[in-house]
Amino acid sequence: MTGFPTTAAYVVIGGGVIGTSIAYHLVRSGARDVLLLEKSRLTEGATWHAAGLVGQFRSQENLMSLMNDSVTLFDSLHQDTGQDPGWSKVGSLRIASSADRWNELMKSHSSARAIGFDMQMLTPSEAGDIYPLMKVDDLVGAAFIAGDGHIDPNGLTQAYAKGIRKYGGRIIEGVMVRDLLRDGARITQVVTDHGTIKVGNVINAGGLWARQVGWMAGVEIPAGVVEHQYMVTEKTAEIPPDLPAFRDPDGGFYAKPEPGALAIGGWERTTRKVSPVDGFAWHHERHLFDADMDRLTEFLEPAMARLPILEGLGIRSIINGPIPISPDGEPIMGPVPGLDNFFAACAFTSGIAASGGVGKAAANWILQGDPGLDLWAFDIRRFGPLQAGQKFLHDRAVESYAQYYAIHWPGEEMTSARGVRRSPLYQTLKDQGAVFGAKFGWERANWFAHGDIAQTDVFGWDRPGQAATVGREHKAARDGVVMIDMTSFTKLEISGDDACRFLQYLAVANIDKPIGGATYTQLCNARGGIEADVTIIRRAAGCFWLITGSALGVRDRDWIARNLVEFADDKAVDIQLRDITSGFGVINLAGPLARKVLEQLTDTDVSHDSFAFMSAQDIRIGHAPALAYRVTYIGELGWELYIPTEYMAYVYELLQVAGREFGITNVGYRAVDSLRLEKGFVAWGSDITPDYTPLEAGLGFLIDWNKGDFSGRRALARMRETGVTRRLSCLVLDDPLPVYGGEAIYVKGQPRARTSSGNFGYTIGKNLVLGYLPADMDDQSVFEVEAFGQRSYAARIKGAAYDPKRAKILC
């Protein structure tokens, strides 16, 4: 090929709708020397056979913002590029034919109103007026989003391609990438069948082949492939023009209007995984599988019952094609851990609808090091090696596919690939009534059955049965002594002569404490946003333990490693980073009677004067060594006991025997959430994220302004000077509305904010929510919170709802 490039600043691998959108946004943002490589022709892979539905609503605010960015782009793309993307903004209708589905829609409606998103709730009659083909006699209601619609996947991709060329980028089709050569943590060369390219950055938008592209770089991308099927009816004049897109999740199907016809597809309860060990066949660019009539019937029969016109229409074509999917069904985006210049954007089951927003966020992430909004739900770092394994990946992918249209009950857990990572206490706790959930592969006790209560989850919008289980555990923690198995905590050891200096730069708080000192702190980005919420314990002069959440180990370790490169600045530093998670179990011994239990089993003085809050000591519990760290996340006296794995069962047995006279009780994570909300303690991923700063979250007291420079200092100093525009607050509801986070907060009848988390506080006997309220409302004390279509007055409280003076902790 004449003129094949030998260098490029940015190489995008994959010419589907995601790859072309990222390249388009890169060049539109001013990036130069952008090259997109496609092994066949543009769209060939999963894009060409996509249905093209565009739906904006998602369960999280930032994900909805991403989809809204897509629609905003689709509105203007023709004008910018001169290529018609085939955008039809006809709206979308989602119906509910059961009370539970209607409640799910009402929950979504509250979240939408909280951020000003236009989502109309309709009666069955109103829905029938919008979609006259539908039978409505059994409907409860429907939701209509006017800004939704459908778009031509090929037209959209070609519009992106035309924009790439307009802004100076280059596309080369028919080029097969063979290898990605590395020099340490950088990809330096892209080897193709047309030549080798020296490269600055590589973007993996390989779609169906993204996993194999990852293998070329020596990394695992947990992107699998499954079959997805839809059919197109014969044409008829009875199908009116400009019908909205249609979704019937109770029936498990969707309907996209075609000229004089309908495309009917679904998310069946079972699909086929396409999982050869060596990856999806490279030459299957336009591959379709044979039609599966059993799977088709699963959604076609409900569709015929809902849309009677289908009974008289034949099937013109059936498309059963491969689609990419991740273990949890959400896309994969972000810098790939272990590499400095490799970015992933793959596993999009709804890539057409997301492409515009994804391209914008990815370009920001690649060029600025920050997507511009928290995208944790899409972040590749939510997965680790376990999730990338062949069997785990595809077992979970099939289940995620099947759950696409299911009602997503609060607290519902995946059932596939379970029992994989177990604490040494797993069987003991199971025998004592534990009902487990899973976090990053770990089995963790959510709650405990007792008496005649069945050892199984019961789901509902009003937390059915939890007063007798979670409420019992909550009360035990407040009044007595409890044990919580927290073995799944991620534990990182950071050591070396420069470890203290590095951590002082990384954290906002002062971590330079005496040996045994501990610090609760945030790790912030340049904007002051909270990238991690951690505890750091000083184990020796040059050795620290950093403790973070069960699912955050890959993310936080990657954040630390990338900042270490910046901190070193090409100079030699003595810092080692080691994951010690599997070496230590953790038992949280907590409650007002915790000291009475611990002092029976150790010779160490555990009195308040000798064992201060936020300090750690090496002790013996019976014959077993343990690091006892005095801390709390539930608002009571307590210790986290870090115990070598082989001693865990022994220590647990000693604690249970010693605590018997005090009524020692097992507690699960559902009670922990209720307990921490009563104290106003925050959770990363909901209450605090990279979108929020410590000053906004009420954590400014942790910042040490006297220790010198630290990551985010400049942005936080500016915010301290100018003042915050929003503030995390706690509201206590008057009425017993179930709250989970995402509810709209009203002031004088208008939605002004959104809750970040919510639960029932069994000690105060009321529902609680946290949420960021505008700072200009600091004098406002009465609000309303909306849940499931109902509103309750809610009072703002200063400090914590429980023990605001911390007397229970500092005793």
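For the structure itself, look to the data block above.
Residues numbered from 1 in each chain as written. Predicted model: local features only at pLDDT ≥ 70, side-chain atom pairs only at ≥ 80, totals over all residues. Heavy atoms only, no water.

A.B. asks: Account for the pattern of salt bridges, with residues named and values stated.
C.D. replies: A full pass over the atoms with the stated rule returns 43 salt bridges. A salt bridge links Asp-479 to Lys-475; its shortest N-O distance comes to 2.8 Å. Of the two residues, Asp-479 and Lys-475 both sit in helix H12 (residues 466-479), 4 residues apart, roughly one turn of that helix. On the accessibility criterion, Lys-475 (54% relative accessible area) is exposed. One network of salt bridges, in which partners are shared, links Glu-227, Glu-268, Arg-272, Asp-292 and Arg-295. (Salt bridge = Lys/Arg side-chain N within 4 Å of Asp/Glu carboxyl O. Helix = DSSP H or I, 4+ residues; strand = E, 2+ residues; numbered from the N terminus. Buried < 20%, exposed > 50% of the residue type's maximum accessible area, 1.4 Å probe, protein only.)

A.B. asks: Provide a residue-level description of the sheet that holds strand S21 (residues 482-485), including the pertinent values.
C.D. replies: Ordered by their spatial adjacency, 6 strands build an open sheet running S28-S29-S30-S27-S21-S31, and the pairing between neighbours is mixed. The open sheet has two edge strands with one neighbour each: strand S28 (616-621) and strand S31 (665-666). When S21 meets strand S27 (residues 584-590), the two strands line up antiparallel, connected through 4 bridges. Along S27, the bridge assignment pairs Met-483 with Leu-589. (Pairing = 2+ DSSP bridges.)

A.B. asks: Give a description of the environment of Gly-116 that names residues and reports values.
C.D. replies: As for its position among the elements, Gly-116 is in the loop between helix H3 (99-114) and strand S5 (120-122). In this structure the C-alpha to C-alpha distance between Gly-116 and Leu-133, which are 17 residues apart in sequence, comes to 30 Å.

A.B. asks: Tell me what's going on with the environment of Ser-400, and back it up with residues and numbers.
C.D. replies: Mapped onto the secondary structure, Ser-400 falls in helix H10 (residues 390-402). Judged by relative accessible area, which is 9%, Ser-400 ranks as buried. With 73 residues separating them in the primary sequence, Ser-400 and Pro-327 have C-alpha atoms 6.8 Å apart. Ignoring anything within four residues of it in the chain, the contact list for Ser-400 reads Pro-327, Asp-328, Gly-329 and Met-414. From its side chain, Ser-400 meets the backbone oxygen of Pro-327 in a polar contact 2.7 Å long. (Contact = heavy atoms within 4.5 Å. Polar contact = N/O pair within 3.5 Å; in protein donor to acceptor, adjacent residues only side chain to side chain.)

A.B. asks: Give me the lowdown on the packing of aromatic side chains, citing residues and values where you can.
C.D. replies: Counted according to the given criterion, the structure contains 24 aromatic pairs. When the ring of Trp-461 is compared with that of Phe-788, the centres are 5.5 Å apart and the planes differ by 50°; the resulting orientation is tilted. With Trp-461 in the loop between strand S20 (442-448) and H12 and Phe-788 in the loop between strand S36 (782-787) and strand S37 (790-797), this residue pair connects regions lying 327 residues apart in the sequence. It is Arg-286 that lies over the ring of Trp-48; its NZ or CZ is 4.0 Å from the centre. A cation over an aromatic ring shows up here: Arg-720 above the ring of Trp-705, its NZ or CZ 3.9 Å from the ring centre. (Phe/Tyr/Trp six-rings, centres within 6.5 Å; stacked < 30°, edge-to-face > 60°. Lys NZ or Arg CZ within 6 Å of the ring centre and 35° of its normal.)

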